[in-house]
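An overview of the molecular structure
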Amino acid sequence: MILCCGDALIDMLPVELEGGQRGFAPHAGGAVFNTAIALGRLGVETGFFNGLSTDLFGRMLTDELNASGVDSALSPRSARPTTLAFVTLEDGHASYHFYDEGTASRMLEPADLPRLGNNVRALFFGGISLVVEPCGSAFEDLMAREGKARLVMIDPNIRPDFITDERAYRARLTRMMAGADIVKLSEEDLAWLSPDAGAFIDELLATGPSIVLVTHGARGATGHTARGTISVSPRPATIVDTVGAGDAFNAGFLEALEGLGSLDKAAVRTMGDGDLRLCLDRAAEVAAVAVSRSGANPPWASDISAPAWRRVAARA
């Protein structure tokens, strides 16, 4: 199982109403939640961990996890409200306005951390839950406790407007990225982290991660290792919006790792360029479907081509 640990919220997406008025419609979302949903839809055994509310929106999140085959049994429930993110779109690109005080996900504490079974082979962290307290400390504690024995991937998915204590947040990201096996960043993340992207990636690889992934929007994606860089082009797609695109990319990459039997630290550390390219190609393919749909709506396995590792096995 891949256990996705982090934000779950309701994206309030803009809609046009009768008479030309504008409103917002609720959709289940959150960066880590979206990655979990995408993994579940691709047929990967997936779990989700964070505080979930018993309110109307919390039930929407739980129902969506269940419908996509994601196990949320480890997530504590409370009557606290669900985090809301109002989304505005400009030229297909999303901006977010968060309402997060006192919510079920934000108030997750280190005391709420579960004991993980041997079936959990990998942990995925990221999203706004790494920014605030007490949940930020809880997730960092979980990674420190479990990350030595399990594969760890992190995608900070940085939202500058949400950050109130930049110094503390940068320090947490530095610690968590150094402890991860795979770090995924967007170009926007890199620009926020450092004015020198190349030097930052080199320094990051020297601190601990085996692979650093960078998404470049319309210019595809790159995978960086100590040996060098692999680049892939984006798949052709009619872009409706980019909500959840990076999350779908994460899921495609992790699905490929699982399919290759490489969901562990040693395999990622010694991964060859051919397998890394295959994983990047799959990630780009899954992301291309996501951007062709409104909202965070990643593909099901039946919506996308059979993965390369299965096609090879079928020919054999």
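Owing to the predicted nature of the structure, the values given are computational and were not obtained by experimental measurement.

What follows deals with the packing of aromatic side chains. For the coordinates displayed, the defined rule picks out seven aromatic pairs. Ring plane angle 80° and centroid distance 6.0 Å describe the contact between F33 and F48, whose orientation is recorded as edge-to-face. Of the two residues, F33 is situated in helix 1 (residues 31–41) and F48 in strand 4 (residues 46–49); the sequence distance between them amounts to 15 residues. The exposure class of F33 is buried, given its relative accessible area of 1%. Centroid distance F49 to F139: 6.1 Å. Interplanar angle 80°. Geometry classified as edge-to-face. Taken as a pair, F49 in strand 4 and F139 in helix 3 (residues 135–146) lie far apart in primary sequence, 90 residues in all. On the basis of relative accessibility, which here comes to 0%, the residue F49 falls in the buried class.

This part takes up the state of the cysteines. What the rule picks out here adds up to zero disulfides. Of the cysteine sulfurs around C5, a residue in no disulfide, the closest is that of C4, at 7.2 Å. No disulfide involves C135; its nearest neighbouring cysteine sulfur is the one of C5, lying 12 Å away.

When you line up the elements, D189 lands in helix 5 (residues 187–193). Within the buried core, D189 has no salt-bridge partner, and the shortest N-O distance to an opposite charge, that of K184, equals 6.3 Å. Beyond its immediate stretch of four places on either side in the chain, D189 contacts D155, N157 and I158.

It is worth spelling out the environment of F249 at this point. Inspection of the secondary structure assignment puts F249 in helix 7 (residues 245–259). Distance in space between the C-alpha atoms of F249 and T215 is 8.7 Å, their sequence separation being 34 residues. Look past the residues within four positions of F249 in its chain and what remains in contact with it is K184, L213, T215, A221, L280, A283, A284 and A287.

Here we come to the packing of helix 1 against helix 7. Direction vectors running N to C along helix 1 and helix 7 enclose 45°, while the axes themselves pass 8 Å from each other. Considering the angle they form, helix 1 stands oblique to helix 7. Where helix 1 crosses over helix 7, the handedness of that crossing is right-handed. Of the residues in helix 7, those touching helix 1 at A31, N34, T35, A38 and L39 are D247, A248, N250, A251, L254 and E255. Of the residues in the contact of helix 1 with helix 7, the class split is six nonpolar, three polar and two charged.

What follows deals with the pairing of strand 15 (residues 228–232). Here strand 14 (residues 221–225) pairs with strand 15 via five bridges, running antiparallel. Pairing of H224 across the sheet is with T229, part of strand 15. The turn linking strand 14 back onto strand 15 is made up of two residues.

To continue, consider the nonpolar core. Counting 50 residues, the largest nonpolar core has F48, I182, F253 and L257 as its most contacted members. At eight residues, helix 9 (residues 273–291) tops the list of elements feeding residues into this core. L257 has contacts with L151, I182, S262, L263, V268, M271 and C279, leaving out every residue within four places of it along the chain. With 46 residues, the next largest nonpolar core counts L116, V120, I163 and L190 among its residues.

Looking now at the pattern of salt bridges. This model, assessed by the stated rule, comprises 16 salt bridges. Close ionic contact of R22 with E16 constitutes a salt bridge, the shortest N to O distance being 3.6 Å. Taken as a pair, R22 and E16 share a single burial class, namely exposed. Taking the shortest distance from any N to any O, the salt bridge between R175 and E140 comes out at 2.5 Å. On the criterion of sequence distance, the pair formed by R175 in helix 4 (residues 166–179) and E140 in helix 3 is long-range, its members being 35 residues apart. Taking relative accessible area as the criterion, R175 reaches 45% and is therefore assigned partly exposed.

Right, let's talk about the sheet that holds strand 13 (residues 211–215) for a bit. Sheet architecture is open: nine strands sit in the order 6-4-1-10-11-12-13-14-15, paired in mixed fashion. If you trace the sheet from one side to the other, it starts and ends with strand 6 (70–71) and strand 15, each paired once. In this sheet, strand 10 (residues 122–126) lies alongside strand 1 (residues 2–6) in parallel orientation, the contact comprising five bridges. Each bridged residue has a counterpart across the sheet, and for L3 the counterpart in strand 10 is L123. The strands touched by helix 9 within the sheet are strand 13, strand 14 and strand 15, with strand 15 carrying the most contacts at an inclination of about 35°.

Criteria and thresholds
Think of each chain on its own: its residues are numbered from 1, step by step along the sequence as written. This being a predicted model, a pLDDT of at least 70 is required before a residue's local features are given, and a value of 80 or more before pairs of side-chain atoms are given or counted; all residues contribute to the totals for chains, interfaces and linings. Side-chain metrics rest on all non-hydrogen atoms present in the structure, leaving aside hydrogens and water. Whether two aromatic rings pair depends on their centres lying within 6.5 Å, for rings of Phe, Tyr and Trp, where Trp uses its six-membered ring; planes under 30 degrees apart make the pair stacked, over 60 edge-to-face, and the rest tilted. Segments assigned H or I by DSSP are reported as helices when at least four residues long, segments assigned E as strands when at least two residues long, and all are numbered from the N terminus. When accessible area is computed with a 1.4 Å probe and restricted to protein chains, residues below 20% of their type maximum are described as buried, those above 50% as exposed, and intermediate ones as partly exposed. The rule for a disulfide is simple: a pair of cysteine sulfur atoms within 2.5 Å. For this count, His and the chain ends are skipped, Lys and Arg are scored as positive, and Asp and Glu as negative. A side-chain nitrogen of Lys or Arg and a carboxyl oxygen of Asp or Glu constitute a salt bridge if their distance falls within 4 Å. By definition, residues are in contact when any of their heavy atoms lie within 4.5 Å. Angular values range over 0 to 180 degrees, each being the angle between N-to-C directions of two axes fitted as lines to C-alpha atoms, with helices fitted over their stretch in contact. In what follows, roughly perpendicular refers to angles from 65 to 115 degrees, roughly parallel to angles under 35, roughly antiparallel to angles over 145, and oblique to any angle outside these ranges. Definitions for this section: a left-handed crossing has its near helix turned counterclockwise from the far helix by less than a right angle. A right-handed crossing has that turn clockwise. Three classes are used, and their members are as follows: Ala, Val, Leu, Ile, Met, Phe, Trp, Tyr, Cys and Pro are nonpolar, Asp, Glu, Lys and Arg are charged, and the others, Gly among them, are polar. Pairing between strands requires that DSSP locate at least two bridges from one strand to the other. We define a nonpolar core as any set of buried Ala, Val, Leu, Ile, Met, Phe, Trp, Tyr and Cys residues linked to one another through side-chain atoms lying within 4.5 Å.

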